[in-house]
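Results of the structural survey
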Amino acid sequence: MLFNSFDFAVFLPVVFCLYWLLQNKSLRIQNALLLAASYVFYGWWDSRFLSLIIISSGVDYFIGLFLHRTQDGGRRKLLLIISLATNLGILGFFKYYGFFVESFVSVIEVFGFRPNIRTLHVILPVGISFYTFQTLSYTVDIYRRKIEPTHDALAFFAYVGFFPQLVAGPIERASHLLPQFLKNRKFGIEQAKDGLRQILWGLFKKVVIADNLAEHVEIIYKNYNLYPGPVLLLGTLYFAVQIYCDFSGYSDIAIGTARLFGFNLVRNFAYPYFSRDIGEFWRRWHISLSTWFRDYVYIPLGGSRTDSKVRHLMNIIFTFTLCGFWHGANWTFIAWGFLNALYYLPFVLAGKHKRYTDTVALGRLWPNYREVLQILSTFAMTLFAWIFFRANSMQHAFGFIGQLFSSSWLEIPTVEKNGLLYVLIILVVEWFQRDKQHALQIDKIPVWMRWVTYYAVLTSILFLANTGHVPFIYFQF
Amino acid sequence: MYPLSISNSKMARAGYQTIIKFLVRLTIFALPLFLITATIEIIWWRAGDSWPVKSALAVQQRNLEETLYGRGYFSQQFNLFKLAGIKHRRPAILAVGSSRVMQIRDFMFTPLEKDFYNAGGLLHNAYDLQWLANAFINGDLPMPKVLIIGIDPWWLRADRGFKTWLTDEDDAFRLGGHIDAFREIRKQGGIGDLIGSSILASKSPYFRYYAIGSAAKKYGHGFRKDGSRQYSPQMLLDYLKNPKYVDRENPPIIERIRRYRSYFTVPVILDKEKIQIIIDSLSLLQNTEIEMHVFMPPVSSEVLKALDESVELSKWWQFYKTDMPGLLKRRGMQVIPVAQPAHLGLSDLYMIDGFHASEVYMAQVVRKIIENIQHSSYLKSVDLEKLSSTIENAAIPLAFEVPSQNLTVSEGNKRKE
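Every value quoted in this text rests on a predicted model; they were computed, and no experiment measured them.

Regarding its fold elements, chain A presents 17 helices and zero strands. Computed over its C-alpha atoms, the radius of gyration of chain A comes to 23 Å, within 12% of the 23 Å expected for a compact globule of 477 residues. Its C-alpha atoms give chain A principal-axis dimensions of roughly 70 × 65 × 45 Å. Across the 477 residues that make up chain A, the buried fraction comes to 57%. A sequence separation of at least 24 residues applies to 77% of the contacts in chain A between residues at least 6 apart. Side-chain charges in chain A split into 42 positive and 28 negative, and the spacing between the mean points of these groups amounts to 6 Å.

This is how it looks when you write it as structure tokens:
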């Protein structure tokens, strides 16, 4: 079920009312309702793949219990390996099987062999990359004795399948979300109101900004050889804003929806395009994923606490590249991850990768010249990397880059200019709200102004939204 | 235990009160929006615009009298409507293609008129044709005995048509479909116009057919029971007042060609994959028991001239006009190449616009097809004499029948009273 669909517009109020009607009955009944609702939500797309979520949840639930009971180091390691093998096995088969087979065949063909290997056209189950990471973190945290397992199977299954964040995150750690399933949730009117505001803003970002830009991006990237450099630059700018609004819009709707049910999900985006260096960008972009890779890949590899500087740098490169590969079975994503590692390394070497943890120009209306330069240069680097992310293949990416730099940049684009308005809207609004959790956090202004704002956003959705079927980009990851 | 129960009960009441307070506020906020939406939805339903296409088709086919179906605010969704029509009518003679074949009508096949269905508007591109061929082969659609297929030049373009649209969702069930329809209200003259045309009328103006959908009720255009398209009667009246050829598309087809707009943008890249898909799909159909007649729908003489002379478009156009029929004929298919009115001794008066021939013109195309059939053809029983006489007795070059003159739309509407 899509957040921007008629089905969800009916589903959400029904589940909301049932859920709060049950608030004083029993926590278990409430959790059972959430679990059932989550499986209906997922099964709406394809009920066959519900089995994967159930398998993943079941395996990690029992392994969590066994891990806690046994003190034997060898057995604990074996249990962890079973969990990793199950989750990564499912992920590997459904997401990466075709990629590995095709890459293998390509390599073999270089040596003159013509292997007769069949590739399967495996359907990628929606959200598989998200919920497998979520369950994995649970087992790993128990293995590290950071958390204790839950005996409440219902709560655990509801945590893994929690519908607001099931298919595209934020990727929730058990230590943060699971305890919320184990205690009574209270309805908070302010929390619910802010949840609705966040849903509204997420919807606006998705259907007005991202979906309208998607059409321009599609045309420019498909016919890149017909356009001069400035138009291709425009296309990449549009894509940068599209992917941000598409994904952060989804996260906003997910977080807002969870708040309606009394849950708090982690923040996933914090105005990343106002970052002053690439380190800050990665602390603000897809936060739940980058912290996941930090905690479960980078640190176990040794992180920065290695004797060798080279090893430290290799850990960074490996983590970024793997993070890129997580996004999809394509060399373009690997290149995107690797490129980001290359951007990040100079800051690490200079010891300046953790300089900026605050909000840019906090307390001031405008940034100073230095900040403007920093923001623009960081944005330019991310733009270049997005080309790889958006391209269908490495050949497409290099063709695009070649064309981008082959003509004069002094020309003013004559086509596909209409998207600039959407870019401007999102940048201006988010700049002025950059110290808030989301851009529609306007609880401090008078009620009438709030209502005018809500109606303005609703009206713009009504009149400007792209009503074609544009799926969320991150569903494919 | 007892005090705890009281405390729980008090807490529960407090909790519910908070939720009710929240829901009340939310309701107050959403009420204006809800009322507007509900009113509009009721009007759309009353007009028949928001009926699911399958339901609308079922009602249309059930009616004994002629019934027009034409959505005015919702997307027309020719594809879904015509698919539903094929499934419902299971025609032995089926015409398929884009809007350019919509003017073939059932009485052209007398005495087989009941066997005929016009699915013009079903096909938009090569992938639609591929989907249709597979649907016939797999039994997802009832296989006709005779298939008349019109092929359009833009099916061969690399930058047009990337996937089939035959698997679209009905806009009646899609939130985006309702939002699009809402936006149409503003474009089409506001809510008053919608109420006036959609609620008050039950029959189309002039011809006074039973009408489903606001376009059918308001302007009198839409699909007849045989799937053919009834153009706006006002257009026919305009012709009677001023009988000359006008390219009635907006913007005119000839302008689009001259300015390289819409289907005529440059540069044109011929898509080999799509060409192959068209050939393969037609070959697939040819290998079944279907009797197939392929034709390149007619164009006006000014459009033909402009395309023939255009340096930027000529390679594409010549391939469509000459090479494509040649490729198909080599595979043993019956093909009628692109015609202009003069080829049949007609003039551009027989064209609705640069790319759409009138029903009188299309009757002549049908006659040409039937004149060339083999003895074993299912169409052999078609009464050619009657067809010729019908053509000769056509009221005007654009239509076989015209509404009474001196009537305006509102007068036409009043007449039904």
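Secondary structure assignment for chain B yields 15 helices and 11 strands. In chain B, buried positions account for 54% of the 417 residues. In the form shown here, chain B has an accessible surface area of approximately 18800 Å², with 55% of it arising from carbon and sulfur atoms. Distance between charge centres in chain B, computed from 52 positive and 43 negative side chains, equals 7 Å.

All names here are of chain B. An order of E3-E2-E4-E8-E9 is seen for the five strands of this open sheet, with the pairing classed as parallel. Only two strands of the sheet have a single partner each, and these edge strands are strand E3 (116–120) and strand E9 (334–336). The average angle at which neighbouring strand axes cross in this sheet is 15 degrees, direction not considered. Sheet topology places strand E4 (residues 146–150) next to strand E8 (residues 291–295); five bridges connect them, and they run parallel. Directly across from Ile-148, in E8, lies its bridge partner His-293.

Looking now at the pattern of salt bridges. Considering all chains together, one arrives at 36 salt bridges over all chains under this definition. Across the pair Arg173(A) and Asp295(A) runs a salt bridge, and its minimum N-O distance is 3.0 Å. Here Asp295(A) lies in helix H11 (residues 287–298) and Arg173(A) lies in the loop between helix H6 (153–161) and helix H7 (174–181), a separation of 122 residues in the sequence. Each member of the pair, Arg173(A) together with Asp295(A), is buried. Its salt-bridge partner being Arg157(B), residue Asp159(B) comes within 2.9 Å of it at the nearest N-O pair. Its relative accessible area of 0% is what places Arg157(B) among the buried residues. Taken together, the shared-partner salt bridges connect Arg276(A), Glu280(A), Arg284(A) and Asp358(A) into one network.

Moving on, we get to a nonpolar patch on the surface. Residues and elements named next belong to chain A. There is a patch of nonpolar side chains on the surface, built from Phe-6, Val-10, Val-14, Leu-18 and Leu-21 and spanning about 440 Å² of accessible area. Position of Phe-6 among the secondary structure elements: in helix H1 (residues 6–21). When its relative accessible area of 40% is taken as the criterion, Phe-6 is described as partly exposed.

We now examine the packing of helix H3 (residues 50–69) of chain A against H6(A). Residue and element names in this part refer to chain A. Orientation of H3 relative to H6, taken along the N-to-C sense of each, is 130 degrees, at an axis distance of 10 Å. Considered as vectors, H3 and H6 are oriented oblique to each other. When the axes of H3 and H6 are compared, the crossing they make is right-handed. On H6, the residues touching Ile-53, Ile-54, Ser-57, Gly-58, Asp-60 and Tyr-61 of H3 are Ala-153, Phe-156, Phe-157 and Val-160. Of the residues in the contact of H3 with H6, the class split is seven nonpolar, two polar and one charged.

Listed per partner, the contact involves 27 residues of chain B and 28 residues of chain A. Taking both partners together, chain B and chain A bury about 2400 Å²; carbon and sulfur atoms supply 74% of that area. Together, Phe22(B), Phe29(B) and Arg183(B) form the three largest contributors to the area buried by chain B at its contact with chain A, with a combined 28%. Scanning the region where chain B abuts chain A turns up seven residue pairs in polar contact (both at pLDDT 80 or more). Looking at the side of chain B that touches chain A, the elements that each hand over two or more residues are helix H1 (2–47) and helix H5 (175–187) of chain B.

The tendency in soluble globular proteins is for nonpolar side chains to be buried as a group. Phe163(A), Phe261(A) and Trp386(A) are the most contacted members of the largest nonpolar core, which totals 156 residues. When residues of this core are assigned to their parent elements, the largest contribution, 18 residues, is made by helix H9 (residues 229–260) of chain A. Apart from residues no more than four positions distant in its own chain, Phe261(A) is found in contact with Leu12(A), Val15(A), Phe16(A), Tyr19(A), Trp20(A), Leu34(A), Phe163(A) and Arg185(A). Among the nonpolar cores identified, the runner-up in size contains 69 residues, and Leu123(B), Ala133(B), Ile253(B) and Phe264(B) belong to it.

All names here are of chain A. Note on placement: Thr-139 falls in helix H5 (residues 128–143). Sequence separation between Thr-139 and Gly-89 is 50 residues; the distance between their C-alpha atoms is 15 Å. Apart from residues no more than four positions distant in its own chain, Thr-139 is found in contact with Asp-60, Ile-63, Leu-67, Leu-80 and Ser-83.

Before going further, it helps to spend a moment on the pairing of E3(B). All names here are of chain B. Along E3, five of the five residues are buried, which leaves the element largely enclosed by surrounding structure. Where burial is concerned, the two faces of E3 agree: the one with Phe-116, Asn-118 and Gly-120 and the one with Tyr-117 and Ala-119 are both buried. As paired elements, strand E2 (residues 93–97) and E3 share five bridges and run parallel to each other. Residue Val-96 lies in a different strand from E3, and its bridge partner there is Ala-119.

On to the packing of aromatic side chains, then. On inspection of all chains with the given rule, the structure shows 80 aromatic pairs over all chains. Ring geometry for Tyr19(A) against Phe261(A): centres 5.0 Å apart, planes inclined by 75 degrees, an arrangement best described as edge-to-face. Of the two residues, Tyr19(A) is situated in helix H1 and Phe261(A) in the loop between H9 and helix H10 (278–284); the sequence distance between them amounts to 242 residues. Centre to centre, the rings of Trp45(A) and Phe49(A) are 5.4 Å apart; their planes meet at 20 degrees, and the pair counts as stacked. Taking the relative accessible area as the measure of exposure, Trp45(A) reaches 36% and is therefore partly exposed. The ring centre of Trp326(A) lies 5.0 Å from the NZ or CZ of Lys95(A), which sits over that ring. Sitting over the face of the ring of Tyr231(B), Arg229(B) holds its NZ or CZ atom 6.0 Å from the ring centroid.

Turning to unusual backbone geometry, a few remarks are in order. All names here are of chain B. Cis geometry is adopted by the peptide bond preceding Pro-111, which originates at Thr-110 and carries an omega value of 10 degrees. Tracing the backbone through its elements, the reader meets Pro-111 in the loop between E2 and E3. The amide bond that connects Val-266 to the next residue, Pro-267, takes the cis arrangement and shows omega of 0 degrees. Of note, Pro-267 is situated in the loop between helix H9 (253–259) and helix H10 (272–286). In this structure, Gln-77 is a non-glycine residue whose phi angle is positive, near 45 degrees. Among the secondary structure elements, Gln-77 is positioned in the loop between strand E1 (67–69) and helix H3 (78–89).

We now examine the confidence of the model for chain B. All names here are of chain B. Overall, the predicted model of chain B reaches an average pLDDT of 89, with 92% of residues at or above 70. Segment residues 1–7: pLDDT under 50, and zero contacts once partners within four positions in sequence are set aside and those in other chains are kept. Every residue in residues 408–417 is under pLDDT 50, and counting partners more than four places away or in other chains gives 19 contacts. Across the interfaces of the predicted complex, the ipTM metric reaches 0.76, alongside a pTM of 0.81.

Parameters at a glance
Residues numbered from 1 in each chain as written. Chains lettered and ligands numbered in written order. Predicted model: local features only at pLDDT ≥ 70, side-chain atom pairs only at ≥ 80, totals over all residues. Heavy atoms only, no water. Helix = DSSP H or I, 4+ residues; strand = E, 2+ residues; numbered from the N terminus. Rg over C-alpha atoms; globule rule 2.2 N^0.38 Å. Buried < 20%, exposed > 50% of the residue type's maximum accessible area, 1.4 Å probe, protein only. Contact = heavy atoms within 4.5 Å. Lys, Arg positive; Asp, Glu negative; His and termini not counted. Charge placed at Lys NZ, Arg CZ, Asp CG, Glu CD. Areas by Shrake-Rupley, 256 points an atom, 1.4 Å probe, with all protein chains shown as cover. Pairing = 2+ DSSP bridges. Axes fitted to C-alpha atoms, helices over the stretch in contact; angles between N-to-C directions. Salt bridge = Lys/Arg side-chain N within 4 Å of Asp/Glu carboxyl O. Patch = residues over 30% accessible without salt bridge, like charges linked within 9 Å, V, L, I, M, F, W, Y side chains within 5 Å. Parallel < 35°, antiparallel > 145°, perpendicular 65-115°, else oblique. Left-handed = near helix turned anticlockwise from the far one by under 90°. Nonpolar A, V, L, I, M, F, W, Y, C, P; charged D, E, K, R; others polar. Buried area = accessible area lost by both parts, 1.4 Å probe. Polar contact = N/O pair within 3.5 Å; in protein donor to acceptor, adjacent residues only side chain to side chain. Core = buried A, V, L, I, M, F, W, Y, C linked by side-chain atoms within 4.5 Å. Phe/Tyr/Trp six-rings, centres within 6.5 Å; stacked < 30°, edge-to-face > 60°. Lys NZ or Arg CZ within 6 Å of the ring centre and 35° of its normal. pLDDT = per-residue confidence, 0-100.

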